[in-house]
Amino acid sequence: MDPDSMGLSTPADVLQVATVLEDCVDQLVVLGKIMPVSYEGRPDADEIVGDEIGRIVDSQRQLEQQFSQLMTARQDTKFSGAIGKTNRLMQLDQDITAVSGGLKGSNQFFTRSLKQSPLTSDNLEKIQADRAFVESVMVEAQSELAVSGTFLSLLQSVLSEREKKANLQQTILREEEGRKRIKQLQRLKLEVRKEKEVEIQNRNEMIAHLKDQLQEMKAKTNMEGKYVKKNTEVQVFQTQKRCSMSEQALREELEALKVKIDEEVRVNGEIESFLKTHQRELEEKVEYWMEKYDKDVDAKQHELDVLKASKAQDLARLQELTKLYGEYEQVVVEDRIEKEKARRKAEQEAIELQCATKLQAWWRGVMVRKGLGPYKKGKKGKKGKKKSGKKGKKKKK
């Protein structure tokens, strides 16, 4: 607020305000003289304290019942298999946190009420201090009004007290949030400890079960070892018996093979004489076929020359067609390249148009949110000053 606007326009206004402040100061002085030191000794003091404590106790009992109901519902939901159990538990935890915070605040208020009873002089001393503060502020404002015709000290005192109260409120809120966080962490610690205890118990049961299985496996392994040993001894005996029988059979087979070898030697001699005769016949046939081969080679060579000449003609024709195909292919490739360039250019123009549209829409949204350009809004501060100026003019009239 502008300090110049705090000055009063006429001496009559200054006199009226000074009179009001002086009257307030006199009433505060009289109030300080007539206020009792405490309520002790009054006949209705016990009734006042009893009603206040009864109201606090009833409120605390209601919060305790609500907290107990929420804890029971949380336990039932935790061990049930209903769908959406996690969301339900989160909602119950939030309700429990809120109720526990209210219960804690009620306990603190109840304790503070018991410590600071209205029968004591603490409350009245605070009232006296507040009255003295208001009296000093009024006296200072009255002096300033008499000297300069303004009452800025009154505004400064009010703003200072308001700031102190806001700081105190912020401190109290931070303390409450810290305590809520500590309680939440303590509950989480208990839950984790319970889960770990259950996990340790399950692992101990698993270890005992594995030990039992180990004992059973040891006994089973000993029995299997004895069985395998006996079975191996029986197999060795059977193998030895089988080997002796196989050795006898091989000896008999050796004798039979010797007889067969003698017979094979005789048969080999006869076959050798037959093969020599057959070789002479094959040599005569080879000479015949060699002569026939020379004649056939000459004939095929003539046919090959004819085919080579035909191939040369076909190759020249192929080269002409290849050159013509290359020219046609170049024309097709150039046409495809031109079409691809036109398609890419059209796609690029469409993308640029879309991006420009999105950018313009975003900028219009920013101008609307920030109040820029044609969307600019009038400031409230200027309106307030105009109104205060109009009020001052009316007072002067």
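Right, let's walk through the structure included here. (Residues numbered from 1 in each chain as written. Predicted model: local features only at pLDDT ≥ 70, side-chain atom pairs only at ≥ 80, totals over all residues. Heavy atoms only, no water.)

Digging into the overall build of the protein chain
Secondary structure summary: the protein chain contains 6 helices and 0 strands in total. In sequence order, the protein chain lays out its α and β elements as α-α-α-α-α-α. Accessible surface, the protein chain: about 34,200 Å² in total, of which carbon and sulfur atoms supply 58%. (Helix = DSSP H or I, 4+ residues; strand = E, 2+ residues; numbered from the N terminus. Areas by Shrake-Rupley, 256 points an atom, 1.4 Å probe, with all protein chains shown as cover.)

A closer look at the pattern of salt bridges
Under the definition given, this model contains 13 salt bridges. For R266, the salt bridge goes to E270, with nearest N and O atoms at 3.7 Å. A residue pair is termed a helical-turn pair when its members lie 3 or 4 positions apart in one helix, as R266 and E270 do in helix 5 (residues 152-370) at 4 residues. A salt bridge links K292 to D296, with the shortest nitrogen-to-oxygen separation between them at 3.4 Å. (Salt bridge = Lys/Arg side-chain N within 4 Å of Asp/Glu carboxyl O.)

Overview of a negative patch on the surface
On the surface, E281, E283, E284, E287, E291, D294 and D298 cluster together to form a negatively charged patch. Topologically, E283 is positioned in helix 5. (Patch = residues over 30% accessible without salt bridge, like charges linked within 9 Å, V, L, I, M, F, W, Y side chains within 5 Å. Lys, Arg positive; Asp, Glu negative; His and termini not counted. Charge placed at Lys NZ, Arg CZ, Asp CG, Glu CD.)

Re helix 5
Between its terminal C-alpha atoms helix 5 stretches only 36 Å, short of the 327 Å expected from 219 residues at 1.5 Å a residue. Within helix 5 the residues assigned to the buried category are S153, S157, G365, V366 and M367. G371 sits one or two positions beyond helix 5 and adopts a positive phi of about 70°. (Expected span 1.5 Å × (residues − 1). Buried < 20%, exposed > 50% of the residue type's maximum accessible area, 1.4 Å probe, protein only.)

Observations concerning the environment of E22
With respect to the helices and strands, E22 occurs in helix 1 (residues 11-34). Each C-alpha atom, one on E22 and one on M138, is 7.9 Å from the other, the two residues being 116 residues apart in sequence.

Brief notes about the nonpolar core
It is characteristic of soluble globular proteins that their nonpolar side chains tend to be buried jointly. By size, the foremost hydrophobic cluster in this structure holds 8 residues: V14, A18, L21, V25, L28, M138, A141 and L145. Of all the elements in the fold, those that place two or more residues in this core are helix 1 and helix 4 (122-148). (Core = buried A, V, L, I, M, F, W, Y, C linked by side-chain atoms within 4.5 Å.)

A closer look at the packing of aromatic side chains
Using the criterion set out here, one finds 2 aromatic pairs in the structure. Pairing Y288 with W289 gives two aromatic rings, centres 5.4 Å apart and planes at 70°, and the pair type is edge-to-face. Each member of the pair Y288 and W289 is classed as exposed. An angle of 45° between the planes, with centres 6.3 Å apart, marks the rings of W362 and W363 as tilted. (Phe/Tyr/Trp six-rings, centres within 6.5 Å; stacked < 30°, edge-to-face > 60°.)

Focus on a nonpolar patch on the surface
A cluster of nonpolar side chains, L359, W362, W363 and L372, forms an exposed patch at the surface whose accessible area comes to about 440 Å². Structurally, the position occupied by W362 is in helix 5.

All quantities given are derived from atomic positions and should not be read as evidence of function.
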